[in-house]
Amino acid sequence: MKTTAKIGLYGAALALTFTSAYGIGAVGDPLTGKTPSAPSAAHQESNAMNHGNRHTGQTPPLPGGLQISQDGYTLDLLTPRLAAGQKAPLRFAIKDEAGKAVTKYARAHDKDLHLIVASRDLNTFRHLHPALGSDGTWSTPVDLPAAGDYRVFADFTPAGQGAKPLTLGADLAVAGPYQPRKLPPQKATAEVDGYTVTLDGTLTAGKMTGLTLSVAKGGKPVTDLEPYLGAYGHLVALRSGDLAYLHVHPEGEPGDGSTQPGPGISFMATAPTNGAYRLFLDFKHQGTVRTAAFTLHTTNSPAPAPTAQHEDHTSAEHQ
């Protein structure tokens, strides 16, 4: 079959595509390709995240980003569709239990809200900082290069005493000629704009582990990283398959008297289950924010099947 025959026009059968090809991929096991039943998935989450509660009957919390509504708040995606390769505004609102748009937030990491947009195949990543209108509508221009199914994550903390940070997620359709892409292979280094970032550390299901990412340029360690979002680096981790959003915590902060501005940036992370994860490190140097992307399999998961090496085409953008 010719290559052109394999490439469908994604926008021609958009609704059908969501409920078939993309819907199946969203819930399947990223390593085996099998789709677990609901009780099996819940049991896996319980074993990985909440061993101490397995005799109490308590249900462990879901990872972030899997729910469109949580704790009385809902992500209302006002732009459910975009066209590939065309810059257009992405609009959304966070609504409370009464259906009213939220207009006040508690600032975290120098912003009231962090917006992440990622393709289901985890080859495209955007970390955006939208503007909030007086009516509670957030808006930001975005240009997504490839057609397919995307996930939008709103990471925020509502204003008010005792409010907890939330990450809500919603699906976004991007129309255009569609070509499936594989998850990039696991490698210890990533190249971006002349910088080399090296990853040291592992992810283990149900256990907090340390990750250190070291930045170099021209073979020399970078020791003058600039603060970005209250740290020398910002790390987002997404689980392949359902795109569960991991909260990753940096170690130290600029100006604390002990955290150095490079070359290493350290984080603590917990993988909720076994599987493959995609890590995106944002770092700032010489006034520009860049993103280094990595694929990382949990250390207690089955070894991934060998795949042909290919160039990492992860696309990243900052605003």
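Rules used in this analysis
Chains are numbered independently. Their residues run from 1 in the order of the written sequence. Local features in this predicted model are restricted to residues whose pLDDT is 70 or higher, and side-chain atom pairs enter the listing and the counts only when it is 80 or higher, whereas totals over whole chains, interfaces and linings include all residues. The basis for every side-chain value is the complete set of non-hydrogen atoms in the structure, without hydrogens or water. We treat two strands as partners when DSSP finds at least two bridges between them. Helix and strand labels come from DSSP, where a helix needs a run of H or I of at least four residues and a strand needs a run of E of at least two; each type is numbered from the N terminus. Exposure is judged per residue with a 1.4 Å probe applied to protein chains only, and the accessible area is read against the type maximum: over 50% gives exposed, under 20% gives buried, and values in between give partly exposed. We call two residues in contact whenever any of their non-hydrogen atoms come within 4.5 Å of each other. What counts as a ring pair is set by centres within 6.5 Å for rings of Phe, Tyr and Trp (its six-membered ring), and what kind of pair is set by the plane angle: stacked under 30 degrees, edge-to-face over 60, tilted for all other angles. For this analysis, a salt bridge means a side-chain nitrogen from Lys or Arg found within 4 Å of a carboxyl oxygen belonging to Asp or Glu. The set of buried Ala, Val, Leu, Ile, Met, Phe, Trp, Tyr and Cys residues whose side-chain atoms join them within 4.5 Å is what this entry labels a nonpolar core.

Can you help me understand the sheet that holds strand β3 (residues 73-77) in this one?
Adjacent strands of a sheet form backbone hydrogen bonds with each other and so pair up, either parallel or antiparallel. Spatially, five strands are ordered β2-β3-β5-β9-β8 in an open sheet, and the strand pairing comes out antiparallel. Strand pairing shows two members of the sheet lacking a second neighbour, β2 (69-70) and β8 (131-132), which therefore form its edges. Sheet topology note: the β8/strand β9 (residues 137-142) ladder contains two bridges and is antiparallel. By the bridge assignment for β9, Ala131 is matched with Ser139.

Hey, could you run me through the sheet that holds strand β18 (residues 245-246) in this one?
What the four strands build is an open sheet, ordered β18-β17-β21-β22; its pairing is antiparallel. Each edge of the open sheet is held by one strand with a lone partner, namely β18 and β22 (288-297). Sheet analysis places strand β17 (residues 234-239) next to strand β21 (residues 276-285), joined by six bridges and oriented antiparallel. Note that in β21 the partner of His234 across the bridge is Asp282.

Please clarify how the environment of Ala316 should be interpreted in this entry.
Tracing the backbone through its elements, the reader meets Ala316 in strand β23 (residues 315-318). We classify Ala316 as partly exposed; its relative accessible area is 35%. Excluding its chain neighbours within four sequence positions, the residues that come into contact with Ala316 are Phe125, Arg126 and Thr291.

Teacher, can you tell me more about the packing of aromatic side chains here?
Pairs of aromatic rings are described using the distance from one ring centre to the other and the angle between the two planes. Going through the model one piece at a time under the given rule, you end up with seven aromatic pairs. Residues Tyr105 and Trp138 carry aromatic rings whose centres are separated by 5.4 Å and whose planes lie at 70 degrees to one another, so their mutual orientation is edge-to-face. Of the two residues, Tyr105 sits in the loop between β5 (88-95) and β6 (113-119) while Trp138 sits in strand β9, which places them 33 residues apart along the sequence. Its relative accessible area of 10% is what places Tyr105 among the buried residues. For Trp138, a relative accessible area of 3% puts it in the buried group. On the basis of an interplanar angle of 40 degrees and a centroid distance of 5.3 Å, the ring pair of Phe153 and Tyr245 is categorised as tilted. Separated by 92 residues along the polypeptide, Phe153 in strand β10 (residues 148-156) and Tyr245 in strand β18 bring together distant segments of the chain. You can call Phe153 buried: its relative accessible area is 0%. For Tyr245, a relative accessible area of 4% gives the class buried. Every member of this aromatic cluster is reached through a ring pair, and the members are Tyr73, Phe92, Tyr105, Trp138 and Phe156.

Quick question: what am I supposed to make of the pattern of salt bridges here?
Once their charged atoms are close, side chains differing in charge can pair, the charge on each being opposite to the other. Scanning the entire structure with this criterion turns up nine salt bridges. The partner of Asp171 in a salt bridge is Arg151, and the shortest N-O contact between them spans 2.9 Å. Here Arg151 lies in strand β10 and Asp171 lies in strand β11 (residues 166-175), a separation of 20 residues in the sequence. We classify Arg151 as buried; its relative accessible area is 9%. Arg239 serves as the salt-bridge partner of Asp242, at 2.5 Å between the closest nitrogen and oxygen.

Sorry, what's going on with the nonpolar core here?
Nonpolar side chains tend to gather and get buried jointly when the protein is soluble and globular. Leu279 and Phe283 are the most contacted members of the largest nonpolar core, which has 27 residues in total. When contributions to this core are tallied by element, the ones reaching two or more residues are β13 (189-192), β14 (195-201), β15 (208-217), β17, β20 (264-270), β21 and β22. The dominant element in this core, judged by the number of residues it contributes, is β21, at four residues. Core analysis: the second largest hydrophobic core is formed by 25 residues, Leu90, Ile94, Phe156 and Leu166 among them.

Worth remembering: the numbers are spatial, not functional.
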